[in-house]
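Coordinate analysis (summary)
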Amino acid sequence: MPHADTLTVVHHDDTRTSYTDVRYQLHRDGIRIWSSEGEHAITDILMTHAYRQREARAS
């Protein structure tokens, strides 16, 4: 599962939601995000921007 230091979700209405230090999974119905605040399932996505600034930690 990919890790992102910063993940921005652009919704169909051009609003944006940003998350930091997350794991995520893209699928045909949207995106599922796991962050320190919990799990988020978003279905109205237009695109995502994920950035990773450091090496991934071994799990």
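Structural data are supplied above this passage.
About the cut-offs
Position numbers for residues start from 1 in each chain and track the written sequence from start to end. A pLDDT threshold of at least 70 governs which residues receive local features in this predicted model, and a stricter bar of 80 or more applies before side-chain atom pairs are shown or counted, although totals over entire chains, interfaces and linings include all residues. Hydrogens and water molecules were not included; the side-chain quantities draw on all heavy atoms of the structure. Being paired, for any two strands, means DSSP has found at least two bridges between them. Starting at the N terminus, helices and strands are each numbered in turn, a helix being any DSSP run of H or I of at least four residues and a strand any DSSP run of E of at least two. Where helices are involved, their axes are fitted lines through C-alpha atoms of the stretch in contact, as for all axes, and angles between N-to-C directions lie from 0 to 180°. Nonpolar core, defined: a set of buried Ala, Val, Leu, Ile, Met, Phe, Trp, Tyr and Cys residues in which side-chain atoms within 4.5 Å join the residues together. Burial here depends on accessible area, computed with a 1.4 Å probe over protein chains only, as a share of the maximum for the residue type. Under 20% is buried, over 50% is exposed, and the range in between is partly exposed. Any two residues having at least one pair of non-hydrogen atoms within 4.5 Å are treated as being in contact.

Take the sheet that holds strand β2 (residues 16–27) next. Strands sit in the order β4-β3-β2-β1-β5 across an open sheet of 5 strands; the sheet is antiparallel. Every interior strand has two partners, whereas the edge strands, β4 (38–42) and β5 (45–51), have only one. Averaged over all pairs of adjacent strands, the angle between strand axes in this sheet comes to 45°, irrespective of strand direction.

Bridge analysis of strand β1 (residues 3–11) against β2 gives 7 bridges, and the strand direction is antiparallel. When the bridges of β2 are listed, Val10 appears paired with Arg16. Where β1 folds back on β2, the antiparallel hairpin that results is connected by 4 residues, among which Asp14 adopts a positive phi of roughly 70°. Relative to strand β3 (residues 30–35), β2 runs antiparallel, the two sharing 5 bridges. What sits directly across from Tyr24, in β3, is Ile33. Once β2 ends, the chain turns through 2 residues before running back antiparallel as β3.

Grouped together as the largest cluster of nonpolar side chains are 10 residues: Ala4, Leu7, Val9, Tyr19, Val22, Tyr24, Ile31, Ile33, Ile42 and Ile45. Mapped onto this core, the elements with two or more residues apiece are β1, β2 and β3. Once you skip the residues sitting within four places of it in the chain, Tyr19 turns out to touch Asp5, Thr6, Leu7, Val9, Ile33, His40 and Ile42.

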